[in-house]
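Report on the structure
Single-letter residue listing:
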Amino acid sequence: MEYVLNPEKWADNYADYLLRFAMMRINQLELAQDLVQETFFSAIKSKQQFKGNSSEKTWLTSILKNKIIDEYRKKGRKNYIEEQELYEDNSFLFFKNTEGEIGQWKENELPQAWEKNALDKIEEKEYYQVLRQCVEKLNPTQQGLLQEKYFEENSTEKICKEFNISKSNYWVILHRINLLLRKCIELNWFKK
């Protein structure tokens, strides 16, 4: 059975959704728009490969996701991040590094329990703005790893393969991302 695609309706039916999808992962409007256009172009070029195993929307989203991953890779290849920056040890911000106390939390950096208050819609919106700003401070590879782990919920193996890193490096980077995000949120949300 041959599946019929409707490329002439893609922009009307899927452009807004795909743009939101890209913005959640890249947070750069012009780049997100370019990637959506590239997605449509690639889909038209490869429409014979569509087997109908998924909806048009799912198929286009898959193409876009691959474009986003390629963008993260390209940024890495173009030295937007230096390798030492990616693996830079930020633990000095949080842990003591004196003889006999290596790995001990600094007194003023000890994680505090975050109070759970019933946030109204305005506070919730402000929190997510702070979170987005904190994520933007991460380098592109860290943002990509965060996206793949927590938003895409991909497996460790798949993420390591996509970013060409070992599992141990992946977990170290993820730990550092979590520390940096926690600190940023504490400084910009809880201690306003």
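Residues numbered from 1 in each chain as written. Predicted model: local features only at pLDDT ≥ 70, side-chain atom pairs only at ≥ 80, totals over all residues. Heavy atoms only, no water.

1. Concerning the overall build of the protein
A tally of regular secondary structure across the protein gives eight helices and zero strands. The secondary structure elements of the protein, listed N-terminal to C-terminal, are α-α-α-α-α-α-α-α. Taken across its 192 residues, the protein has 38% of its residues classed as buried. Of the contacts made within the protein by residues no fewer than 6 positions apart, 67% connect residues no fewer than 24 positions apart. Summed over its atoms, the accessible surface of the protein is roughly 13000 Å², and 49% of this surface lies on carbon and sulfur atoms. (Helix = DSSP H or I, 4+ residues; strand = E, 2+ residues; numbered from the N terminus. Buried < 20%, exposed > 50% of the residue type's maximum accessible area, 1.4 Å probe, protein only. Contact = heavy atoms within 4.5 Å. Areas by Shrake-Rupley, 256 points an atom, 1.4 Å probe, with all protein chains shown as cover.)

2. Structural notes on the confidence of the model for the protein
When pLDDT is averaged along the protein, the result is 77; 75% of the residues meet or exceed 70. When mean pLDDT is compared element by element in the protein, helix H2 (residues 29-45) scores highest at 92, while helix H4 (residues 83-86) scores lowest at 43. A low-confidence stretch, residues 77-88 stays under pLDDT 50, and its non-local contacts, those more than four residues away or across chains, total 18 contacts. (pLDDT = per-residue confidence, 0-100.)

3. As for the packing of aromatic side chains
All chains considered together, the criterion is met by five aromatic pairs. Considering the side-chain rings of Trp10 and Phe40, the 6.2 Å spacing of their centres and the 25° angle between planes classify their relative orientation as stacked. With Trp10 in helix H1 (residues 7-26) and Phe40 in helix H2, this residue pair connects regions lying 30 residues apart in the sequence. Every member of this aromatic cluster is reached through a ring pair, and the members are Trp10, Phe40, Phe50 and Trp59. One cation-aromatic arrangement involves Lys57 over Tyr17; the distance from NZ or CZ to the ring centre is 4.2 Å. (Phe/Tyr/Trp six-rings, centres within 6.5 Å; stacked < 30°, edge-to-face > 60°. Lys NZ or Arg CZ within 6 Å of the ring centre and 35° of its normal.)

4. Some details on unusual backbone geometry
With phi around 55°, Glu153 is a residue other than glycine that occupies positive phi space. Looking at the secondary structure, you find Glu153 in the loop between helix H6 (140-151) and helix H7 (156-163). Overall, the relative accessible area of 64% leaves Glu153 in the exposed class. Not every positive phi belongs to a glycine, and Asn164 is a case in point at roughly 55°. Relative to the helices and strands, Asn164 is located in the loop between H7 and helix H8 (167-190).

5. A few points about the nonpolar core
Ranked by size, the top nonpolar core spans 40 residues in total, and within it Trp10, Trp59, Leu60, Leu64, Ile68, Leu145 and Ile177 carry the most contacts. Looking at this core, the elements with two or more residues in it are H1, H2, helix H3 (56-77), helix H5 (121-136), H6, H7 and H8. When residues in this core are grouped by element, the largest group, eight residues, is from H8. Aside from chain neighbours lying at most four places away, what touches Ile68 is Phe21, Ala22, Arg25, Ile26 and Leu35. (Core = buried A, V, L, I, M, F, W, Y, C linked by side-chain atoms within 4.5 Å.)

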